Amino acid sequence: MVPSEIRALFSVVSRPEIVSLAGGAPYVSALPLDVIGDMIGELVAGKGAEVLQYGPAQGDVHLRERICEVMALEGVQASADDVVVTVGAQQALDLVTKIFVDPGDVVLAEAPSYVGALGTFAAYQADVVHVPLDEAGLVPAALRETLERLGKEGRRVKFLYTVPTFQNPAGVTLTTARRAQILEICAAHDVLVIEDNPYGLLGFDHEPMRALRADDADRVIYLGSFSKTIASGLRVGWVLAPHAVRAKLVLAAESAILCPSNFSQLAVREYLATQPWQEQIKDFRELYRERRDTMLEALDQLMPDGCTWTRPAGGFFVWLTLPEGLDSKAMAPRAIAERVAYVPGTGFYADGGGHRQMRLSYCFPEPHRIREGVRRLAGVIEQELRLRDTFGGVRPSDTDGVHTPGPDVV
């Protein structure tokens, strides 16, 4: 097991004087907290004997039906029988990995990839092989070449793990054309796809994209979460899997937690049944759009030459690449000293890459704090550039061959 780059920052970034552009915490203060408080109080008062009791390992059936309605917004047609409720999407990922991966098995993951997924794969001793992405998401030609190479080496790939929409950490989105290509390539090589989609409903410029699962019900296992669209503290996620896999997921869930929290499940169920949740998601989208715009504007105005970054169309994150000779992990303590925090890019690679990259989050800070954080970060980078020019680079540029998106990404 390995520590998370993000968790390691928590004790520092909680200090009020530090502008944290690190964590991806949703802005739950935008919820109608008084209304939700009343709703939960009435739920416990009226159905307390059910709410506070054990439930089935697969999850509450009525919540699973509501989950199918949520996924339908992304074109997914599903049965509640094939949904398993989990303690956040992170547990869903853990259960899927537990079922499929033995020590030494190959798992494909985007470069960069979600740090929580890499931690799970490491815990089960998987061999993570990265596939590069660019401004249009995972690169199909690179995926095909990687699968052919591994096949020639006699190595069996258990699955491809991808966050196709508003990717964490890069913020890029897999295009419609590439989605079809990725599914075709994986089908040709008999490889499962794990589609992790916590941000799919949080796009700024268009209706939700069609999920990969909508076009391949047999090969795609879909992971979802209410952490970004309702509240992360409720810890309610789910897996949608082919029927045979679903049965194994229920067994794995029983051994791990016996059953997910009935209280949290029924709170989410009641919220979806009684509250204008789609309107609330629209409110979240507008709030995050404003903060995204603030961050991009500040980066455009304040960042020194040589820095590049993505321009996400939704989600929570911007992926910034530093000039040659700078190291985001080595620079992090100096950024903390200047009262700004980010996540170094090394946490998002299993192969030692990411030294010139960092993830910046715009979802939680108020817009004026975002701008101040970018100003402080720009000052740190300028100081690092002066040191580089005087004494030489801290580290040579990454040579792992990963193509990271540039500033013109849309």
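Quick caveat, the model's predicted, so the values are computed rather than measured.

Asks: I tried to follow the overall build of the protein chain on my own but got confused; where do I start?
Replies: When helices and strands are counted, the protein chain shows 13 helices and 14 strands. Relative to the 2.2 N^0.38 estimate, which gives 22 Å for 410 residues, the radius of gyration of the protein chain is 21 Å and therefore close to what a compact globule would have. The principal-axis extent of the C-alpha atoms belonging to the protein chain is close to 70 × 55 × 35 Å. Taken over 410 residues, the protein chain has a buried fraction of 58%. In the protein chain, of all internal contacts separated by at least 6 residues, the share reaching a separation of at least 24 is 77%. Accessible surface, the protein chain as shown: approximately 16500 Å² in total, 52% of it carbon and sulfur. Within the protein chain, one finds 40 positive and 53 negative side-chain charges whose respective centroids are separated by 3 Å.

Asks: Looking at this structure, I do not really get the pairing of strand E11 (residues 317-321). What am I missing?
Replies: Look at any regular strand and the pattern is simple: side chains alternate between the two faces of the sheet. Counted residue by residue, E11 has 5 buried out of 5 residues, so it is predominantly covered. Here E11 shows no split at all, with Phe317, Trp319 and Thr321 on one side and Val318 and Leu320 on the other all buried. Of the strand pairs in this sheet, strand E10 (residues 308-309) and E11 are connected by 2 bridges, and their pairing is antiparallel. Bridge pairing in E11 places threonine 308 opposite threonine 321.

Asks: Would you take a moment to explain a nonpolar patch on the surface for this structure?
Replies: Taken together, the side chains of Val44, Leu52 and Phe263 make up a nonpolar region of the molecular surface, amounting to roughly 250 Å² of accessible area. By secondary structure assignment, the location of leucine 52 is in the loop between helix H2 (33-51) and helix H3 (61-72). Of the residues examined, leucine 52 reaches a relative accessible area of 62% and is grouped as exposed.

Asks: Explanation requested: the environment of threonine 86 in the structure shown.
Replies: With respect to the helices, strands and loops of the structure, threonine 86 is situated in strand E2 (residues 83-86). On the accessibility criterion, threonine 86 (1% relative accessible area) is buried. Put simply, threonine 86 and glycine 59 are 27 residues apart on the chain and 7.7 Å apart in space, counted from C-alpha to C-alpha. Apart from the residues within four sequence positions on either side, threonine 86 is in contact with Gln91, Ala92, Leu95, Arg235, Val236, Gly237, Trp238 and Val239.

Asks: Is there a simple way to think about the sheet that holds E10 in this case?
Replies: Strand order in the open sheet made by the 4 strands is E10-E11-E14-E13, with antiparallel pairing throughout. One side of each edge strand has no neighbouring strand; the edge strands of this open sheet are E10 and strand E13 (343-344). Relative to strand E14 (residues 357-361), E11 is paired through 5 bridges, and the arrangement is antiparallel. Paired with phenylalanine 317 across the strands is serine 361, a residue of E14.

Asks: What is the right way to look at helix H4 (residues 88-100) in this model?
Replies: Because each turn of an α-helix spans 3.6 residues, side chains separated by three or four positions in sequence point in the same direction. With 13 residues, H4 extends 19 Å between its outermost C-alpha atoms, agreeing within 8% with the 18 Å of an ideal straight helix rising 1.5 Å per residue. Along H4, the positions that sit buried rather than exposed are Gly88, Ala89, Gln91, Ala92, Leu93, Leu95, Val96, Thr97 and Phe100.

About the criteria used
- Residues numbered from 1 in each chain as written.
- Predicted model: local features only at pLDDT ≥ 70, side-chain atom pairs only at ≥ 80, totals over all residues.
- Heavy atoms only, no water.
- Helix = DSSP H or I, 4+ residues; strand = E, 2+ residues; numbered from the N terminus.
- Rg over C-alpha atoms; globule rule 2.2 N^0.38 Å.
- Buried < 20%, exposed > 50% of the residue type's maximum accessible area, 1.4 Å probe, protein only.
- Contact = heavy atoms within 4.5 Å.
- Areas by Shrake-Rupley, 256 points an atom, 1.4 Å probe, with all protein chains shown as cover.
- Lys, Arg positive; Asp, Glu negative; His and termini not counted.
- Charge placed at Lys NZ, Arg CZ, Asp CG, Glu CD.
- Pairing = 2+ DSSP bridges.
- Patch = residues over 30% accessible without salt bridge, like charges linked within 9 Å, V, L, I, M, F, W, Y side chains within 5 Å.
- Salt bridge = Lys/Arg side-chain N within 4 Å of Asp/Glu carboxyl O.
- Expected span 1.5 Å × (residues − 1).

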